[in-house]
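# Chain and residue survey
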Amino acid sequence: MKVKFKFFLFLTLTLIFCAGCSAENKGIPEKAPEINGYEFLKRDENKYAQKFAIDRYDGGYSIIHTMNSESFLIVPQGMEIPQCSDDDITVLQQPMTDIYLVATSAMGLFDELGSGDVIKFSGTKAEDWCIDYARNAMEKGDMLYAGKYREPDYELLMKNKCRLSVQSSMIGHSPEVKDKLEELGIDVFVDYSSYEPHPLGRSEWVKVYGEICGKTDTANELFNAQTAVLENLVQTGEEPRTVVYFYISTSGQAVTRKSGDYVTKMIELAGGKNVFENIGDDKKATSTVTMEMEEFYRTARDADFIIYNSTISGQVGSIEELVSKNELLADFKAVKNGDVWCTHENLFQETLKLGQVINDFNLIFSGETENRSPEFLFRLENGGE
C-alpha cells in the first residue's frame, strides 16, 4: 500500500513530517513477500539503518522495502520478472540506467559505488554540486539538468527514456509530480536516509543503491569501512568538550542545530557536547533553530570549540572574516583561544563518509589534528589564508 500524505494548511505551510515520528519503520513488512518459484533466503541485518530493509531470494532476486510502505523488486539482468504475493511491489529490472536523481544526498553514494554513470538526469544544477563527479559530468553533458522535484522536465525525461527517478522526501510536497512521473512510466524511489536517527544509518543507505546497481558486495565494503572508523576514535577519558555548530544568516541571526539532529549526534559520538541542549521541536521537519545573536551569545560564548557551517552561507577564510559577521563573536572563548573551525562545502553531500566526519570532529576534540589533518574541516587562522 502506498501512503498518500495529507497536508494541513492552517496557520502556515509547514510540512509536519519528521524523522522522529511515532511508528518506527511504518510500512516495512515484518514478513517477506512471496516470489512465486523462488525461495526466500533471509532479510539482511542492518547495523544502524531503520528506514529500509532488504529481503533476499534465490536466483539473485531481492526486494527493497522503505519506511513509507513502498517495496521494489530487483530483477537481475537477463532474469524473468516473477509474480509476487504483493501486487503493489514496483519492479526494477537491471541494469538500471538513465536515472533522474533529485535526492542530492544519494549522489555521493552512487559515486562511491563507481556507479555515477547511471545518473543521466539531475535535479541539481552543475554549480550547486560539491561532488566532483556530478559537477564534471554536467559540465561535459554526460548528466543533464532536468528540473527540481516540483518542476521536472517531463519532455526531456521521456525523450531520453528515463526509467527511474530517485527523489527526496520533498516529493511529498508535490504528490501530483510523483503521480505524473509514474503515469509516464517513470518509477519513483524515495530516499528516506535523512530520517535515520543514527548518522551512520544515513551512510548505510549505500546498501540500497548498491542493490539497485548490482553492487551489493561493494556497498557492504564501503559501509564497513565507515563503521570501522568509529572503532578507532581517540578516547581521552576526559569530560566532553563543549561545541557550538552554527552559521550566520543573511539577516544576521545565528542558525544552529536542534538537540536531536544528526549533526549533534555526530558531535557526541566524537566526544563533544553541543552547548545547546533541549532546543528545537522534533515534530517539525526542519533540523535547525534560528535565534537572535544576543540569545545565542549568552549560551555559546564559553564553548571550547566553534565549528562554522559553510554549507549554507559559504566558507569563511579567517577569524577576522567570521567576526565581521557579528562583533559579538570576538568575545567568544573559542575565538580568543584559536579553536575555530569551518566545514568544507561538500560535507552534507558526502552521505557515505559520515564516519569520516565523526572522525574529523574527534581529531579536533582530542587535539590530534597536528598528527592527522581533518578531511571535511579546516582551522580558521588570524589574518586569512
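Quick note: structure is the one above.
Residues numbered from 1 in each chain as written. Predicted model: local features only at pLDDT ≥ 70, side-chain atom pairs only at ≥ 80, totals over all residues. Heavy atoms only, no water.

### What to know about the pattern of salt bridges
The condition that has to hold: Put simply, a salt bridge is a Lys or Arg side-chain nitrogen that is within 4 Å of an Asp or Glu carboxyl oxygen. Each residue is placed in one exposure class: buried if its accessible area under a 1.4 Å probe, protein chains only, is under 20% of its type's maximum, exposed if it is over 50%, and partly exposed if it falls in between. Each helix corresponds to a stretch of at least 4 residues labelled H or I by DSSP, and each strand to a stretch of at least 2 residues labelled E; elements are numbered beginning at the N terminus.
A full pass over the atoms with the stated rule returns 18 salt bridges. When the shortest N-O distance is used, the salt bridge between lysine 140 and aspartate 142 registers 3.9 Å. By relative accessible area, which is 64% here, lysine 140 ends up exposed. Owing to a relative accessible area of 43%, aspartate 142 belongs among the partly exposed residues under this scheme. Measuring nitrogen to oxygen at the nearest pair gives 3.4 Å for the salt bridge that ties aspartate 304 to arginine 241. Taken as a pair, aspartate 304 in the loop between helix H9 (293-300) and strand S15 (305-308) and arginine 241 in strand S11 (residues 241-248) lie far apart in primary sequence, 63 residues in all. Under the relative-accessibility criterion, aspartate 304 is labelled buried at 12%. Taken together, the shared-partner salt bridges in this structure form one network comprising Lys42, Asp44, Arg56 and Glu211.

### As for the packing of helix H7 (residues 216-231) against helix H13 (residues 354-366)
Applicable threshold: Only C-alpha atoms enter the line fits that serve as axes; for helices the fit covers just the stretch in contact. Angles between N-to-C directions range over 0 to 180 degrees. If an angle is under 35 degrees, it is roughly parallel; if it is over 145, roughly antiparallel; if it lies from 65 to 115, roughly perpendicular; otherwise it is oblique. Crossings are assigned a handedness: left-handed for a near helix turned anticlockwise from the far helix by less than a right angle, right-handed for a clockwise turn. Working rule for contacts: check all heavy atoms of both residues, and any pair within 4.5 Å makes them a contact.
For the pair H7 and H13, interaxial distance at closest approach is 8 Å and the crossing angle is 20 degrees. In terms of orientation, H7 lies roughly parallel with respect to H13. Note that H7 runs across H13; the crossing there is left-handed. Residues Gln226, Val229 and Leu230 of H7 pack against Leu354, Gly355, Gln356, Ile358 and Asn359 of H13.

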